[in-house]
Each structure stands twice: as structure tokens, then as C-alpha cells.
Amino acid sequence: MKTSIPDAFKNTVTEEEFKFCSRCEKPLFKQNEDDEEVVYMIEKCVIPGDIIYELALCLTCVEKAQNAMSEESKENMQQFMQNKVVETLENDGPINGLIDMIDPNEFKLSEIEGNYKRFNLMGYFRGGEFAEKFPVVCISEDIMAQLQEQLSKKTKEDLDDFMDFMNDIPPEFSELFDKRKPVFI
Ligand SMILES: [Zn+2]
């Protein structure tokens, strides 16, 4: 399969593209010529040189995750992100190396990795290409923690339920994972 998906967004275990949604197991690539191409998100939690977890979610599952959040949590999270984006723009670049929004055509993991100790990396794809209009987003663990503070207790519990499919997290990481859930923005 020939795609323009960078290695940073491939499945670390198979070293190939993610082929199925991690949650509903829907194929992410066309099965028949007439099928519509699925939009999906890939998220990884990265320590330079290592991956804590990684997942691919079809847009339907991303929307389900977003719907699992209360209106209030969603608003708080969006407001928080908006403020961070404004700060980033005003600073003409990544704020304290904490959030990067990168044009997919210019994305190179090696260029950003050194700015972070641990971060979440997100990208949206359609078939074997980056999906249009979605930047690649990197968020440091500090900002991730602050972002999660925007969520209500109820929303956190609902997201835990949603993430039940991820049961292959190594035990040494489970405590870590508990504090650093994927984000759906
Ligand atoms: Zn799915």
C-alpha cells in the first residue's frame, strides 16, 4: 500500500499504516472502489524515542467521544484551547514549546520532538493522505494536564467508559495513562 502517511503516524508494532479503527474496528481504507474514504484521527502519546500508547479512531468514534463530554466540559476545553492558540499566535510560534500546530506538509517529527519531554501527537487523515484543513497538533504533558482539568468529573468518567477498548496498556503505564487521556479536539 502506497500512502503519504509519515512514519510518525504509522502503527509502531506493525510499522504499517493503521488499517482499522481501534474502537469499532471499521476499516480505515476503502474496501471497494465505490466506497467513500473514511476520515480518521491518529493520536499517540510520545516520549522521544518511545510510544506510551497510540490509537486510530474513525470520525464516527471521535464524534462519539466528543458527545460523551458534557456541554460545559466541551465549552471549557474549547475556550482553553482557543486561549492557548491565541497565545501561540501572539508569540509567533509555539508557546514555551508546549503546543504546536503544524501544516501537515511541513510536519517532521524530528524537528519538534526535542522541544518536548512527553507529548500527545494528533493528526487527521483521509485514506492514505492527511485530511484537508486539519493541522498536526502537538501538546505537551503540562498542557494536557491543564486541559483535563477543564473536564468535569462526570465527563472524565464517561471518557473512561469510552476508552474501555484500550485494555492493552502495559501495567507500568496504566497509572500514567490514567492521568493522561487522549484528547478529542
Ligand atoms: Zn470507529
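Just so you know, these numbers come straight off a predicted model, no measurement behind them.

**Student:** What should I look at first to understand the overall build of the protein chain in this one?
**Tutor:** Each helix and strand counted, the protein chain has 6 helices and 6 strands in total. The order of α-helices and β-strands along the protein chain, N terminus first, is β-β-α-α-β-α-β-β-β-α-α-α. In the protein chain, which comprises 185 residues, the share counted as buried stands at 26%.

**Student:** Would you take a moment to explain the nonpolar core for this structure?
**Tutor:** A general feature of soluble globular proteins is that nonpolar side chains tend to end up buried together. Within the largest apolar cluster, 34 residues are counted, with the highest numbers of intra-cluster contacts made by C21, Y40, I42, A56, L57, C138 and I139. Put simply, the parts of the chain that give this core at least two residues each are β1 (39-47), β2 (50-58), α1 (59-67), β4 (119-126), β6 (136-140) and α4 (141-149). Examining the composition of this core, we find that 5 residues originate from one element, β1, more than from any other. Not counting the four nearest positions on each side in its chain, I139 is found in contact with I99, F119, N120 and M144.

**Student:** Looking at this structure, how should I read the pairing of β2?
**Tutor:** In regular strands, side chains alternate between the two faces of the sheet. When β1 meets β2, the two strands line up antiparallel, connected through 8 bridges. Paired with K44 across the strands is E54, a residue of β2. Where β1 hands over to β2, the hairpin turn is made up of 2 residues, of which G49 adopts a positive phi near 90°.

**Student:** When you look at the environment of V136 in this model, what are you seeing that I'm missing?
**Tutor:** Relative to the assigned elements, V136 resides in strand β6. The class for V136 is buried, based on 24 C-beta atoms found within 10 Å. When the C-alpha positions of V136 and D100 are compared, they lie 7.8 Å apart, and in sequence the two are 36 residues distant. Residues within four places of V136 in sequence aside, it is in contact with I102, P104, F107 and G123.

**Student:** Sorry, what's going on with the pairing of β6 here?
**Tutor:** With 5 of its 5 residues buried, β6 lies for the most part within the structure. Side chains V136, C138 and S140 of β6 all project onto a buried face; the interleaved residues V137 and I139 project onto the opposite face, where all are buried too. Pairing analysis gives 4 bridges linking strand β3 (residues 99-102) to β6, with the strands arranged antiparallel. Bridging across to β6, I99 finds its partner in I139.

**Student:** Help me understand unusual backbone geometry in this model?
**Tutor:** Residues apart from glycine generally show negative phi values, whereas peptide bonds are mostly found in trans. With a phi close to 60°, E15 is a non-glycine residue in the positive phi region. The phi torsion at E25 lies on the positive side, around 65°, for a residue other than glycine. Within the fold, E25 resides in the segment before β1.

**Student:** Sorry if this is basic, but what is going on with the environment of F165 here?
**Tutor:** The topology assignment puts F165 in the loop between α5 (153-162) and α6 (171-179). Residues F165 and C24, spaced 141 residues apart in sequence, show a C-alpha to C-alpha distance of 8.9 Å. Every residue in contact with F165, bar those within four places of it in the chain, is listed here: S22 and R23.

**Student:** Any chance you could explain the environment of E106 here in plain terms?
**Tutor:** Positionally, E106 belongs in the loop between β3 and α3 (109-113). Under the C-beta neighbour-count criterion, E106 is labelled exposed, with 8 such atoms within 10 Å. Residues E106 and V136, spaced 30 residues apart in sequence, show a C-alpha to C-alpha distance of 9.5 Å.

Rules used in this analysis
Every residue gets a number counted from 1 within its own chain, in the order that chain's sequence is written. At least 70 in pLDDT is required for a residue's local features to be given in this predicted model, at least 80 for side-chain atom pairs to be given and counted, and no such filter applies to totals for whole chains, interfaces and linings, which use all residues. Helix and strand assignments follow DSSP, with helices taken as H or I runs no shorter than four residues and strands as E runs no shorter than two, numbered in order from the N terminus. To sort residues by exposure, count the other C-beta atoms lying within 10 Å of each residue's C-beta; 20 or more gives buried, 12 or fewer gives exposed, and values between give partly exposed, all with C-beta atoms placed from the backbone. To define a nonpolar core, we join buried Ala, Val, Leu, Ile, Met, Phe, Trp, Tyr and Cys residues through C-beta atoms within 7 Å and take the resulting set. Placing a C-beta atom from the backbone of each residue, one calls two residues in contact when those atoms lie within 7 Å. In this description, strands pair whenever DSSP reports at least two bridges between them.

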